[in-house]
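Below are the chains, spelled out letter by letter.
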Amino acid sequence: MKNLLFLPLAFFIISCYQSERHCKDFKTGSFYSEVTIDDVLYKSEFTRSKDLQVETYNGKSDSAHVRWINDCEMVFKTIHPKNMAEHKDIHLKILATTDSSYTFEYSYIGDTKKQKGTAYKIKD
């Protein structure tokens, strides 16, 4: 019976624990990312400065303005959209970090379907 009294307390303590994120470490630099959509792995490379990101995927480059909402969330706006989908801004949130990578989720603004991926830092 005594153990049952401590069980809710243990759950409370565990639920309050959040891993520390070091998002500032990933605001700028060169990275490669991996995203799996419908069991297909997509890889790309990108370089991010304070307010610009240039991404290369399948030999094609695309640029976007970066607006940081806070240290762990940003919004991308494609500079030269080529179709209607590229006119939509993308919201990205860093969920977890390690010393050389971060896990993120992203979606078009207003879309409830989110995708997840991982980005790995190549260099500063």
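Computed from a predicted structure; not experimentally measured.

Student: Before we go on, may I ask you to explain the environment of Thr98 in this structure?
Tutor: With respect to the helices, strands and loops of the structure, Thr98 is situated in the loop between β6 (90-97) and β7 (101-108). Judged by relative accessible area, Thr98 falls into the partly exposed class, the value being 43%. Among the polar contacts made by the side chain of Thr98, one reaches the main-chain amide nitrogen of Ser100 at a distance of 3.2 Å. Of note is the side chain of Thr98, whose polar atom sits 2.8 Å from the side chain of Ser101.

Student: Teacher, can you tell me more about the packing of aromatic side chains here?
Tutor: Two aromatic rings, taken as a pair, are described by how far apart their centres are and by the angle between their planes. In total, this model carries eight aromatic pairs according to the counting rule given. Consider the rings of Tyr42 and Tyr57, whose centres lie 6.2 Å apart with planes at 50°: the pair is tilted. Separated by 15 residues along the polypeptide, Tyr42 in strand β2 (residues 40-48) and Tyr57 in strand β3 (residues 52-57) bring together distant segments of the chain. Grouped by ring-pair contacts, the aromatic residues Phe26, Phe31, Phe46, Tyr102, Phe104 and Tyr106 constitute a single cluster. Looking at Lys27, its charged tip hangs above the ring of Trp68, at a distance of 4.9 Å from the centre. Lying across the ring of Tyr108, Lys88 places its NZ or CZ 5.7 Å from the centre.

Conventions used here
Residues numbered from 1 in each chain as written. Predicted model: local features only at pLDDT ≥ 70, side-chain atom pairs only at ≥ 80, totals over all residues. Heavy atoms only, no water. Helix = DSSP H or I, 4+ residues; strand = E, 2+ residues; numbered from the N terminus. Buried < 20%, exposed > 50% of the residue type's maximum accessible area, 1.4 Å probe, protein only. Polar contact = N/O pair within 3.5 Å; in protein donor to acceptor, adjacent residues only side chain to side chain. Phe/Tyr/Trp six-rings, centres within 6.5 Å; stacked < 30°, edge-to-face > 60°. Lys NZ or Arg CZ within 6 Å of the ring centre and 35° of its normal.

Keep in mind these numbers describe shape, not what the thing actually does.
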